[in-house]
Amino acid sequence: MSTPFRLGALPTLSRSTVDRQETLRTNPERLHARWPDARVVLLSDEGRTPVRRGEDALATRKALSFGDAPPEDAVFLGQWQDTDYWTLPGDPGGAGETVRIRGSWGFWEEAPEVDGEVWVELRGHGDLLDDTSAGLFTTAQALRNWRRGARFCTRCGGATELVQFGWASKCVQCGREEYPRTDPAVICLVHDDVGVNGEHVLLARQPIWPENRFSILAGFVEAGESLEGCVVREIREEVGVEVRDARYLGSQPWPFPRSIMLGFAARADAGAPLRPADGEIEQAHWVSRAEVRAAFENSQLRSGDAVPTPIGGGAANLILPGNSSIARVMLEAWSRAEP
C-alpha cells in the first residue's frame with residue numbers, strides 16, 4: 001500500500017555543520033583570541049565567493065590576512081572542527097578571465113576566474129558544495145542581504161552599526177537594536193486526488209521566466225496568517241484551485257533576499273478549471289508523473305551541463321527547478337512515489 005511521499009533528501013541549502021550558537025558570538029574575548037587561526041569567506045557585492053576548480057569546498061582565506069583583529073565589517077559565521085569562520089566583503093579583482101559554468105536552473109552562466117578560483121553564486125553552485133561550505137555560504141549571503149536593508153533605524157531614521165559581530169544592528173542615535181529578519185514563504189506541491197500521492201502535479205510558470213520553465217507554486221505568509229492558511233490562499237489566488245489536506249514536508253533557507261521556504265504538499269481536483277492570476281502566472285498545467293520523470297532524465301543538471309534545447313512537445317520541453325531549490329527536492333520525491 002502506498003504511503004504519503006516525504007522528502008528523500010535534505011534540501012541542499014539546508015545543509016550545515018557549523019555551530020552558530022549565540023554564546024559563541026557574544027564572547028568578544030574568545031573571538032579575538034581565536035582570530036589568528038580563523039578562516040574568512042569572501043563575498044562580493046554580486047553574491048559570489050571563490051571555489052577552486054574541481055573542488056566542493058569554499059576557498060577561504062586566513063583571517064590574519066585582514067589584520068590582527070576582526071575588522072569592523074567582519075561577520076562571525078560559526079565554528080566547525082575547532083576553527084572559527086567569518087565573512088568579509090571581497091571581489092575577484094580585475095585580473096583573471098571569464099569562464100562558463102553551470103548557473104541556476106541548469107543554464108550556463110559566465111563567472112570570473114582568478115588563479116584557479118571560480119567566483120560562484122549560491123543559486124547555481126550551492127548543491128555542488130560540501131555540507132560545511134553550503135551552510136557557510138548560505139549564512140553569509142543571508143546576513144549580507146539583511147545588512148544592506150538595515151543601515152538605518154526604523155524608529156528614528158538614524159544610522160546603525162553592527163554589533164554582536166554581525167548578528168545585530170544598533171542605532172547610534174536612539175539605541176534601538178534590530179536582528180536579522182527572515183520572511184516565511186510557503187511552497188506547495190499540489191497533486192491530484194488519485195490514490196495517496198496522485199498521478200499528476202500542478203506546475204506553473206511566471207511571466208518573467210523563459211519558455212518551458214515551470215515549478216510548483218509559492219507565496220509569502222501574510223501577517224496574522226497560519227502556514228496552512230497561506231497554502232490555501234496562495235494556490236487559490238495564483239491558479240484558482242481549492243486545495244485540501246495540506247501537510248508539512250520540510251524547509252530550506254532562501255536568502256534571495258531573506259526568505260525561508262516552508263515546503264508543503266496538498267491535494268486538489270484536477271478537473272477544476274485553472275485560472276492563472278493575471279500578471280503573476282503565465283501558464284499552469286497538470287503534468288503526469290511520467291512526464292516529470294522523463295524531464296528529470298532528459299535534463300543534464302546533475303552533470304553540470306546546460307538543459308537540452310527543447311525539441312518538440314512533452315517532457316523534452318519541461319525545464320524544472322535547479323538543484324539548489326527545495327522545489328526540485330519536492331518534485332523528485334513526488335516523482336519517485338507510488339500513486
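Description of the structure in this document. (Residues numbered from 1 in each chain as written. Predicted model: local features only at pLDDT ≥ 70, side-chain atom pairs only at ≥ 80, totals over all residues. Heavy atoms only, no water.)

**Things to note about the overall build of the chain**
Applied cut-off: Numbering of helices and strands starts at the N terminus; helices are DSSP runs of H or I of at least 4 residues and strands are runs of E of at least 2. Values of the radius of gyration come from C-alpha atoms, whereas the globule rule sets the reference at 2.2 Å times the count of residues to the power 0.38. Note on classification: 1.4 Å probe, protein chains only; a residue is buried when its accessible area is under 20% of the maximum for its type, exposed when over 50%, partly exposed between these limits. To measure how exposed things are, a 1.4 Å probe is used in the Shrake-Rupley method; for residues, cover is taken only from the protein chains shown. Counted as positive: Lys and Arg. Counted as negative: Asp and Glu, with His and the chain ends omitted from the count. Think of each charge as sitting on NZ of Lys, CZ of Arg, CG of Asp or CD of Glu.
A count of helical and extended segments in the chain gives 7 helices and 17 strands. The C-alpha radius of gyration computed for the chain amounts to 22 Å, which stays within 12% of the reference 20 Å derived for 339 residues, consistent with globular compactness. C-alpha extents for the chain along the principal axes are approximately 65 × 45 × 40 Å. Relative to its 339 residues, the chain shows a buried fraction of 50%. Of the roughly 15800 Å² that the chain leaves accessible, carbon and sulfur atoms contribute 48%. Counting 37 positive and 49 negative side-chain charges, the chain places the averaged centre of each group 2 Å from the other.

**Some remarks on the nonpolar core**
Note the cut-off: As used in this record, nonpolar core signifies buried Ala, Val, Leu, Ile, Met, Phe, Trp, Tyr and Cys residues forming a set joined through side-chain atoms within 4.5 Å. The contact criterion used throughout is that any non-hydrogen atoms of two residues lie within 4.5 Å.
Membership of the largest hydrophobic core comes to 47 residues, with the highest contact counts inside it found for Phe5, Leu189, Val201, Leu203, Ile216, Leu320 and Leu331. Per-element accounting of this core gives the leading share, 6 residues, to helix 7 (residues 326-336). Beyond its immediate sequence surroundings of up to four residues, Leu189 is in contact with Phe5, Val201, Ile216, Phe264, Ala265, Ala266, Met330, Leu331 and Trp334. Core analysis: the second largest hydrophobic core is formed by 20 residues, Val186, Val231, Leu262 and Ala268 among them.

**Some words on the sheet that holds strand 11 (residues 177-178)**
Rule in force here: What makes two strands pair is DSSP finding at least two bridges between them. Only C-alpha atoms enter the line fits that serve as axes; for helices the fit covers just the stretch in contact. Angles between N-to-C directions range over 0 to 180 degrees.
Ordered by their spatial adjacency, 3 strands build an open sheet running 9-10-11, and the pairing between neighbours is antiparallel. Two strands close off the open sheet at either side, each with one partner strand: strand 9 (160-163) and strand 11. Contacts from helix 4 (residues 131-148) reach strand 9, strand 10 (168-171) and strand 11, with the element oriented near 155 degrees to strand 9.

**Details of unusual backbone geometry**
With omega at 10 degrees, the peptide bond leading from Phe256 into Pro257 counts as cis. Here Pro257 lies in the loop between strand 15 (243-254) and strand 16 (259-268). Of note in the backbone geometry, Asp82 takes a positive phi value of approximately 65 degrees without being a glycine. Following the sequence through the fold, Asp82 ends up in the loop between strand 4 (75-80) and strand 5 (83-89). Positive phi outside glycine occurs at Asn212, with the angle close to 80 degrees. Along the chain, Asn212 falls in the loop between strand 13 (200-205) and strand 14 (217-220).

**Here's the deal with the packing of helix 6 (residues 289-298) against helix 7**
Cut-off, in case you're wondering: The labels follow the angle: roughly parallel below 35 degrees, roughly antiparallel above 145, roughly perpendicular from 65 to 115, and oblique for the rest. Definitions for this section: a left-handed crossing has its near helix turned counterclockwise from the far helix by less than a right angle. A right-handed crossing has that turn clockwise. Only Asp, Glu, Lys and Arg are considered charged in this grouping, and only Ala, Val, Leu, Ile, Met, Phe, Trp, Tyr, Cys and Pro are considered nonpolar; every other residue, Gly among them, is considered polar.
Put simply, helix 6 and helix 7 touch, their axes get as near as 9 Å, and they point 125 degrees apart. The angle between helix 6 and helix 7 falls in the class oblique. The handedness of the crossing between helix 6 and helix 7 is left-handed. Facing Arg289, Val292, Arg293 and Phe296 of helix 6, the residues of helix 7 in contact are Arg328, Leu331, Glu332, Trp334, Ser335 and Arg336. Residue classes in the contact of helix 6 with helix 7 are distributed as 4 nonpolar, 1 polar and 5 charged.

**Here we look at the pairing of strand 4**
Across 5 bridges, the pairing between strand 4 and strand 5 is antiparallel. Bridge assignment links Phe76 to a residue of strand 5, and that residue is Trp86. Taking the residues between adjacent antiparallel strands as the criterion, strand 4 and strand 5 are bridged by 2 residues, where Gln81 takes a positive phi near 50 degrees.

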